[in-house]
Amino acid sequence: MSKDLYEILGVAKDASADEIKKAYRKLAHKYHPDKPDGDEAKFKEINGAYQVLGNAERRQRYDQFGPGYEQQAGARGQGFNWEDFARAAGGAGGPFGGGQGQGQRVEYDFGDFGDIFGDIFGFGRRSGGRSARTSGQDIQMDMQLPFREAVFGAETDISLYTHVACLKCGGNGAEPGTKIETCQTCGGQGQVARVQQTILGQFRTASICPDCHGEGKKPEKKCTKCNGEGRVKEEETVRVKIPAGISDGETIRLSGKGEVGVRGSQAGDLYITVRVQPDPQFDRDGDDIRSTAELSFSQAALGDKIPVETLDGEVMLKVPAGTQSGKVFKLSEKGVPHLRTRGRGDHLVTVQVVTPTKLSRKQKQLLEELNQS
């Protein structure tokens, strides 16, 4: 049984035309195949639903016939589906199916689709600029961090083997001493286009210029070190500042410290996910520190001052007489610095009363007398 078209777009059956268009725009943005998390099958399904619900006449027929709309409409010679749309556009898989080559785009001169696709994919009637340059990729990595460095912060160097700017040409891809010229193939537009007349209207297909790769210009002579890319792959050292109070699993973003883009285009970002190593003495609970301290039976009964190790060094903790095992004492402002505000968490010390396992005759006698009192 065919899936309900309203359900595909996530709208109610009485949704207005504007609500349907808004839902379509949102979903098409999300599932477009060129996006990192895109889904071509879902994208086609969304488009198919909008081609029906976005047209008042087709929507009326769909509301009348329901899931059997395609068969009913087809019997009247008015059927419309994605494959027909794809063939009309001149490609086996629609304007994004790769049937006309990588980087090709299609513009429409009918209905709302020209505006909608132009908004989503950067072309159509409102498209006027050349193709964007190939930006550098983001880099994602993990960093093992000692417990105390996560608490108090640190600066450290990391080594990356990545694309960096070519020093010979300064990143522009041209051999030093030569010029960068306007591409003659595309006239500096970065793309080449052709117009095709179809049964659905006029289609304008635009492909990235194969000569300048969308730049609109190219070096007179390519740099011999980077072969015209403006970047080479080398080891690079990056200085990273670790903020005090960072937690395990948090990510640091260094803008522009990812891979350098082609011929001076924007560099990607570096994302460092922190993996904090455990500490043998302390456990972290948010911005609080937890530890345990042992008390002898007599210390718990009579009270005492005991040394307690903290992140800032040793302090003396006053234990009142009659302290029970499991009692928690708070050392204020001895915990982890707050990451985004001033101040620190607390250090929580849980005391454990140690029951002696070997007693002298005199100790046993004293305990028996205490038990009888």
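Residues numbered from 1 in each chain as written. Predicted model: local features only at pLDDT ≥ 70, side-chain atom pairs only at ≥ 80, totals over all residues. Heavy atoms only, no water.

### A closer look at the overall build of the protein chain
Regarding its fold elements, the protein chain presents 10 helices and 16 strands. The burial tally for the protein chain puts 39% of its 373 residues in the buried class. Of all intrachain contacts in the protein chain linking residues separated by at least 6 positions in sequence, the fraction that spans at least 24 positions is 62%. (Helix = DSSP H or I, 4+ residues; strand = E, 2+ residues; numbered from the N terminus. Buried < 20%, exposed > 50% of the residue type's maximum accessible area, 1.4 Å probe, protein only. Contact = heavy atoms within 4.5 Å.)

### What about the nonpolar core?
Soluble, globular proteins show a tendency: their nonpolar side chains are buried together. Ile-158, Val-240, Leu-270 and Ile-272 are the most contacted members of the largest nonpolar core, which has 23 residues in total. Broken down by secondary-structure element, the contributors of at least two residues to this core are β2 (139-145), α8 (147-152), β3 (154-165), β8 (231-242), β9 (251-254) and β10 (270-276). If sequence neighbours within four positions are ignored, Ile-272 has contacts with Met-141, Met-143, Ile-158, Val-240, Glu-250, Thr-251, Ile-252 and Leu-254. Membership of the second largest hydrophobic core comes to 19 residues, among which are Leu-5, Tyr-24, Ala-49 and Leu-53. (Core = buried A, V, L, I, M, F, W, Y, C linked by side-chain atoms within 4.5 Å.)

### Observations regarding helix α2 (residues 17-31)
Compared with the 21 Å implied by 1.5 Å per residue over 15 residues, the 21 Å span of α2 between its first and last C-alpha is a close match. By the burial criterion, the buried members of α2 are Ile-20, Ala-23, Tyr-24, Leu-27, Ala-28 and Tyr-31. All buried residues of α2 project into a common sector of 130° when viewed along the axis, lining one side. For α2, the exposed residues set more than 90 degrees away from the buried face come down to Asp-18, Lys-22 and Lys-26. (Expected span 1.5 Å × (residues − 1). Arc of directions from axis to C-beta.)

### Things to note about the sheet that holds strand β12 (residues 288-296)
Strand order across the open sheet formed by 4 strands is β11-β12-β16-β15, with mixed pairing between neighbours. Single-partner strands in this sheet number two, and they are β11 (283-285) and β15 (328-331). Across the sheet, the axes of successive neighbouring strands diverge by a mean angle of 35°, strand direction being ignored. As defined by bridge partners, β15 adjoins strand β16 (residues 347-354) across 4 bridges and the pair is classed as antiparallel. Counted as the bridge partner of Lys-330 is Leu-348 from β16. (Pairing = 2+ DSSP bridges. Axes fitted to C-alpha atoms, helices over the stretch in contact; angles between N-to-C directions.)

### Here we look at unusual backbone geometry
As a rule of thumb, non-glycine residues mostly have phi less than zero, and peptide bonds are mostly trans rather than cis. Despite not being glycine, Asn-227 has its phi angle at roughly 60°, a positive value. Tracing the backbone shows Asn-227 in the loop between β7 (217-219) and β8. Positive phi outside glycine occurs at Glu-333, with the angle close to 60°. Its place among the elements puts Glu-333 in the loop between β15 and β16.

### A word on the packing of aromatic side chains
Evaluation of the coordinates by the stated rule reveals 2 aromatic pairs. Pairing Tyr-6 with Tyr-62 gives two aromatic rings, centres 6.0 Å apart and planes at 50°, and the pair type is tilted. Placement of Tyr-6 in helix α1 (residues 5-9) and of Tyr-62 in helix α4 (residues 56-65) is noted, with a sequence separation of 56 residues between them. Each member of the pair, Tyr-6 as well as Tyr-62, carries the same accessibility label: buried. Here the aromatic rings of Tyr-24 and Tyr-50 are separated by 4.3 Å at their centres, their planes lie at 15°, and the arrangement is stacked. (Phe/Tyr/Trp six-rings, centres within 6.5 Å; stacked < 30°, edge-to-face > 60°.)

### Quick notes on the environment of His-32
Assignment of secondary structure puts His-32 in the loop between α2 and α3 (40-53). Since its relative accessible area comes to 4%, His-32 is described here as buried. Sequence-wise, His-32 and Phe-43 are 11 residues apart; in three dimensions their C-alpha atoms are separated by 5.9 Å.

### A closer look at the confidence of the model for the protein chain
Summary statistics for the protein chain give a mean pLDDT of 81 and a share of 79% for residues scoring 70 or more. Mean pLDDT across the secondary structure elements of the protein chain bottoms out at strand β1 (residues 105-108), with 42, and peaks at β15, with 97. Predicted confidence for residues 117-132 stays below pLDDT 50, and this span has 46 contacts to residues more than four positions away or in other chains. (pLDDT = per-residue confidence, 0-100.)

### Digging into the pattern of salt bridges
Oppositely charged side chains can form a pair if their charged atoms are brought close together. Following the criterion strictly, the structure yields 17 salt bridges and no others. In this structure, Lys-44 and Glu-40 form a salt bridge, with 3.5 Å as the shortest nitrogen-oxygen distance. Note that Lys-44 and Glu-40 are positioned in helix α3 at a spacing of 4 residues, about one turn of the helix. With a relative accessible area of 37%, Glu-40 lands in the partly exposed category. A salt bridge links Asp-287 to Arg-284, with the nearest nitrogen and oxygen atoms 3.4 Å apart. (Salt bridge = Lys/Arg side-chain N within 4 Å of Asp/Glu carboxyl O.)

### Details of the pairing of β2
A one-sided burial pattern is seen for β2, the buried positions being Ile-139, Met-141, Met-143 and Leu-145 and the unburied ones Gln-140, Asp-142 and Gln-144. Both β2 and β10 contribute to a ladder of 7 bridges, which runs parallel. Opposite Asp-142, over in β10, you have Thr-273 as the bridge partner.

### Re the packing of α3 against α4
A pair of packed helices can be characterised by two numbers: the angle between their axes and the separation between those axes. Packing of α3 against α4 brings their axes to within 6 Å, and their N-to-C directions diverge by 100°. By the criterion of interaxial angle, the relationship of α3 to α4 is roughly perpendicular. The residues of α4 that touch α3, namely those facing Gln-51, Val-52 and Leu-53, are Arg-58, Arg-59 and Tyr-62. Among the residues making up the contact of α3 with α4, the classes are represented as 3 nonpolar, 1 polar and 2 charged. (Parallel < 35°, antiparallel > 145°, perpendicular 65-115°, else oblique. Nonpolar A, V, L, I, M, F, W, Y, C, P; charged D, E, K, R; others polar.)

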